[in-house]
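# Notes for the structure review
Chain by chain, the residues run as shown.
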Amino acid sequence: MTVQDEVMARLTEVFRDVFDDDELTVFPAMTAKDVDEWDSLMHITLVLAVEKEFAVKLNAAEVGKLENVGQMVELLARKAA
Amino acid sequence: MHGTADSAGGSKAAVARARAALAAGDHAGAFAELRAAIRPQDDFTEQARIARAFAKVDAGALGLRPLKVAVLAGSTVDHLADVLRFWLAASGFAAEIYLAPYDTVAQTVLDPASGLYGFAPQVVWLFSTHRDAGVAVEPGATVAEVEAAVDAAVAERTALWRVLAERLDALVLQNNADIPADDPFGNLAGAAPWGMRTALRLYNARLAAAAPAGVAVFDLDHVAGLWGRARWTDPRYWHHSKHAFAPDATGTVAAAAARLLAGAMGLGKKCLVLDLDNTLWGGVIGDDGVAGIALGTGADGEAFVAFQRHVKALKERGVILAVVSKNEEAAARAPFESHPDMVLRLDDIAVFRANWSNKADTIQDVAETLSIGLDSLVFVDDNPAERDLVRRALPTVEVIELPDDPAHYVEALARAGCFEAAAFSAEDRRRAGYYADNARRVELKRAAVDMDGYLDGLVMVATVGGVDDFHLPRIAQLINKSNQFHLTGTRLTEREVERLAAADDTEVFHVRLADRFGDNGLIAVLILRRDGEDLHVDTWAMSCRVLGRTVEEFIANEILARARRRGCRSVVGRYVKSPKNALVAGLYDRLGFAPLGGDEAERRWSLAVADRPDGWKTHVRVAEA
């Protein structure tokens, strides 16, 4: 299991929790457009849950740039490394 | 406890259980699961998870009071609103929340056609921060200039309050200014008369002074301080999305506001129910005694004194105090009566219950005695098992999670925020006293109501007899040793008793009493004397052990029967004062005899036999012969 795979697995759990959908499938190309409830407010909730799960603090610029799952995984994998 | 949510697992599991309860249609059960899994101080992810799950609960099915709250803010409060809905439910409200569009506070208030007025809220929360206060002070400004700037900023607020008061019948919740942690002038910002912190402190003071009835100031600055000023704001989320405080403080802000609204809208707590051992003092009074408990001496003893002082201050601001302790009554009262370091006194306690009953039952009894709802009670007990029992049996009672160390009791109670209020009046100060008086009345009434049941439950059976060899010594003994219940104080030898029993005009009878607990033996002796149409009660001596059990009424019935048998028209009673028999000075009055006069030393009464065809009501039966 690569670091990316592990990050993806944990990220999937976070998405399912935040969007309250146990069936939600998360994939690298996924963006806010793919999830109905993923608006700018839910984005904050999502980012905070991600910060908690991965015990990281994203910087102000990063908070706004994570509207794509692939970017999120890369960023988290880099921070974990 | 409220909040085992230190790990996400706690609230995730609770959310799963809440979902299951919802699937079964149990909205109250779902809410209870969520409520038990979260504390105000838990982080935003926890708050959001609980709020999400709560959004599926039908708040209308919880029996909560509906409340329409409009929130007008100069910052992003959408996340706060979701979390607030949950904490308002925890404080007793089924809330509907209207959010004015971001940063449109003045327009929304001033425009009569704004969504605010269409919503017709009962509460308008003007959620402002130091950024919205509008206090502009030049470095180096004079005190007069600072005051003018502050007054202008406060005037902007009061203008909005006036418009809201004209157009709505709503409580206005007005934030004061959260004083920022960082300032270019550093210490000088709070030390110079023109410093920003100096100016904002003045603003907060003037805002409090300016708030009329109908406007409650929400002390946001205090919440910021409690949360921790250094982490109160998270600039990342200010710059990114205009969140004016750190997202993780959301639960703390929401719960504090909900508590204040509960107090302001009449859903505040009224009564603090206190355990004794290891809650008001260290140790166990029943084992350690008054001299052995930890109170006043040593660090723990001082901590208990500090806690008592806090409780006493609550009482003085109108909180009713009750004691519910598993103890012998006398032992439980002893420290209140004789420990020099006790701050709380017996007359501070409106209802005092020391017994060995289940505490949930006793707490229910306290609520009934005070005639207040269980949801008005706050329970403080160091014993986790008692807390758990009360939480399960009485879910509407607020149970404080006391830490192990008594040094932290004050903060545990104070930060639970149970006794928030929007205002304080002299009436509040007196309220605890009113409740205490009323509790005494209720107890008297209840005692009266229960007395009949109690006496019937005793199953008292009396045997009436004359003078025989067996009873003669006992009859003489009762006549000669009784002091308190002895109407005439007669002293007679056995020989004299025998002679009176044998004489035509006099009769002597005794009464024995048994009840379901056993035989009380010979408990009364009467000597009656006929004089024409009057039957005189020359001697009436009785054991005080059976006082108040309607034995007197039973004996009066017996006298009446004997008067009828002898054809007497009236019964004449006599009271001869002795140093010890004041107890029975009013006996004949109580039985309805008419006074015949007399003086301080001796008085007489009479009763017409015909006036009492049915005698007196008594719970004593005559034994079957």
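What counts and what doesn't
- Per-chain numbering applies: the sequence of each chain, read as written, is numbered from 1 onward.
- Chains carry letters and ligands carry numbers; both start at the beginning, A for chains and 1 for ligands, and go up in the order they are written.
- Thresholds applied to this predicted model are a pLDDT of at least 70 for local features of residues and 80 or more for the giving and counting of side-chain atom pairs; totals over whole chains, interfaces and linings are not thresholded and use all residues.
- Secondary structure follows DSSP: runs of H or I at least 4 residues long count as helices, runs of E at least 2 residues long count as strands, and numbering of each begins at the N terminus.
- Exposure criterion: with C-beta atoms placed from backbone coordinates, a residue whose C-beta has 20 or more other C-beta atoms within 10 Å is buried, one with 12 or fewer is exposed, and one in between is partly exposed.
- Any residue pair is listed as a contact if its two C-beta atoms, each placed from the backbone, are within 7 Å.
- Criterion used throughout: strands pair if DSSP finds at least two bridges between them.
- Each axis is a line fitted through C-alpha atoms, and for a helix only the stretch in contact is used; angles between axes span 0 to 180 degrees, taken between their N-to-C directions.
- To estimate the expected span of a helix, subtract one from its residue number and multiply by 1.5 Å.
- Domains are outlined according to an automatic or database domain assignment.
- Residue polarity follows a fixed list, in which Ala, Val, Leu, Ile, Met, Phe, Trp, Tyr, Cys and Pro are nonpolar, Asp, Glu, Lys and Arg are charged, and the others, Gly among them, are polar.
- Note on angle classes: values under 35 degrees are labelled roughly parallel, values over 145 roughly antiparallel, values of 65 to 115 roughly perpendicular, and the remainder oblique.
- UniProt positions are given in the numbering used here, feature names are shortened, and annotations may be inferred rather than shown by experiment.
- Looking down the strands as they point away from the viewer, one classifies a crossover as right-handed if the path from the first strand across the helix to the second runs clockwise.

An unreviewed UniProt entry annotates chain B as Methoxymalonyl-ACP biosynthesis protein FkbH originating from Thalassobaculum fulvum.

In the nomenclature of an unreviewed UniProt entry, chain A corresponds to Acyl carrier protein from the organism Thalassobaculum fulvum.

## A few points about the overall build of chain A
Helix and strand counts for chain A come out as four helices and zero strands. Put simply, chain A runs from its N terminus to its C terminus through helices and strands in the order α-α-α-α. Structurally, chain A occupies a C-alpha span of about 30 × 30 × 20 Å along its principal axes. Counting every position in chain A, which comprises 81 residues, the buried fraction comes to 26%. In chain A, the share of contacts with a sequence separation of at least 24, taken over all contacts with a separation of at least 6, comes to 61%.

## Here we look at the interface of chain B and chain A
With 13 residues of chain B in contact, the opposing surface of chain A contributes 12 residues. Secondary structure elements with two or more residues in the side of chain B that touches chain A: α3 (44–54), α4 (78–90) and α13 (235–241) of chain B. Counting residues per element, the side of chain B that touches chain A draws most heavily on α3 of chain B, at five residues.

## Digging into the sheet that holds strand β6 (residues 271–274) of chain B
All names here are of chain B. Spatially, five strands are ordered β8-β7-β6-β9-β10 in an open sheet, and the strand pairing comes out parallel. Both outer strands of the open sheet, β8 (349–355) and β10 (398–400), are each paired with one neighbouring strand and no more. Sheet twist, expressed as the average angle between the axes of neighbouring strands with direction ignored, equals 20°. Looking at chain direction, strand β9 (residues 377–380) and β10 are connected through three bridges and run parallel. Directly across from Phe379, in β10, lies its bridge partner Val399. Packed on one face of the sheet, helix α18 (residues 359–370) meets β6, β7 (320–326), β8 and β9 and runs near 150° to β8.

## Some remarks on helix α14 (residues 250–264) of chain B
Residues and elements named next belong to chain B. Helix length check: α14 (15 residues) gives 21 Å between terminal C-alpha atoms against 21 Å at 1.5 Å per residue, within 8%. Across the 15 residues that make up α14, a large majority, 14, are buried. Gly266, located one to two residues past α14, shows a positive phi value of around 85°.

## Describing the domain arrangement of chain B
Residues and elements named next belong to chain B. We note that the domain assignment places domain 1 (64–264), domain 2 (271–444) and domain 3 (459–622) within chain B. Centre-to-centre separation of domain 1 and domain 2, based on C-alpha positions: 35 Å. Contact residues are listed per partner, giving eight residues for domain 1 and five residues for domain 2. The biggest single contributor to the side of domain 1 that touches domain 2 is α14, with six residues. Tallied by class, the residues present in the side of domain 1 that touches domain 2 amount to five nonpolar, two polar and one charged.

## Comments concerning the packing of helix α22 (residues 472–481) of chain B against helix α23 (residues 494–502) of chain B
All names here are of chain B. Across the interface, α22 lies against α23 with an axial gap of 9 Å and an inter-helix angle of 110°. The angle between the axes of α22 and α23 places the two elements in the roughly perpendicular class. Here Leu472, Pro473, Ile475 and Ala476 of α22 lie close against α23, whose contacting residues are Glu494, Val497 and Glu498. Grouping the constituent residues of the contact of α22 with α23 by class yields five nonpolar, no polar and two charged.

## Looking at the pairing of strand β13 (residues 518–531) of chain B
Residues and elements named next belong to chain B. Across nine bridges, strand β12 (residues 506–515) lies against β13 in antiparallel orientation. Looking at the pairing, Phe509 lines up with Leu526 of β13. Pairing of β13 with strand β14 (residues 534–542), which is carried by eight bridges, proceeds in the antiparallel orientation. Looking at β14, one finds that Ile527 is bridged to Thr539. Taking the residues that link successive antiparallel strands as the turn, the β13-β14 hairpin has two residues, and the phi of Gly532 there is positive, at about 65°.

## What about the UniProt feature "domain: Carrier" (unreviewed entry) in chain A?
Sites flagged by UniProt as "domain: Carrier" (unreviewed entry) map to residues 39–76 of chain A. Secondary structure content for residues 39–76 of chain A is 74% helix and 0% strand, while the C-alpha to C-alpha distance between its ends is 21 Å.

## Looking at the UniProt feature "domain: BF1531-like N-terminal" (unreviewed entry) in chain B
UniProt's entry tags residues 68–256 of chain B with the feature "domain: BF1531-like N-terminal" (unreviewed entry), counted in the numbering of this structure. For residues 68–256 of chain B, the helix share is 52%, the strand share is 14%, and the end-to-end C-alpha distance is 18 Å.

## Brief notes about unusual backbone geometry
Unlike most non-glycine residues, Ala55 of chain A shows phi in positive territory, near 50°. Along the chain, Ala55 of chain A falls in the loop between α2 (40–54) and α3 (60–64). With a phi angle near 50°, Ala120 of chain B is a residue other than glycine that sits in the positive phi range. Checked against the element boundaries, Ala120 of chain B lands in the loop between α6 (115–119) and β3 (123–127). Note on Ala120 of chain B: 13 C-beta atoms within 10 Å, which makes it partly exposed.

## A look at the environment of Ala436 of chain B
Residues and elements named next belong to chain B. In this fold, Ala436 is placed in helix α21 (residues 426–458). Residue class for Ala436 comes out partly exposed when judged on the 19 C-beta atoms lying within 10 Å of it. As a C-alpha pair, Ala436 and Val351 span 85 residues in sequence and 7.1 Å in three-dimensional space.

## Section: the packing of α3 of chain B against α4 of chain B
All names here are of chain B. α4 packs onto α3 with a crossing angle of 70° between their chain directions and a minimal axis gap of 9 Å. The orientation of α3 relative to α4 falls into the category roughly perpendicular. For the pair formed by α3 and α4, the contact residues are Gln47, Ile50, Ala51 and Phe54 on the first element and Asp82, Val83, Arg85, Phe86 and Ala89 on the second. Looking at the contact of α3 with α4, its residues break down into six nonpolar, one polar and two charged.

## Some points on the pairing of β7 of chain B
Sheet faces and side chains relate simply in a regular strand, where the side chains alternate between the two faces. Residue and element names in this part refer to chain B. Along β7, seven of the seven residues are buried, which leaves the element largely enclosed by surrounding structure. Here β7 shows two buried faces, one formed by Ile320, Ala322, Val324 and Lys326 and the other by Leu321, Val323 and Ser325. Pairing analysis gives four bridges linking β6 to β7, with the strands arranged parallel. In the sheet register, Leu274 faces β7, and the bridge partner there is Val323. The sheet contact formed by β7 and β8 spans six bridges and is parallel. Pairing of Val324 across the sheet is with Arg353, part of β8. Remark: the β7/helix α17 (residues 329–338)/β8 crossover connection has right-handed handedness.

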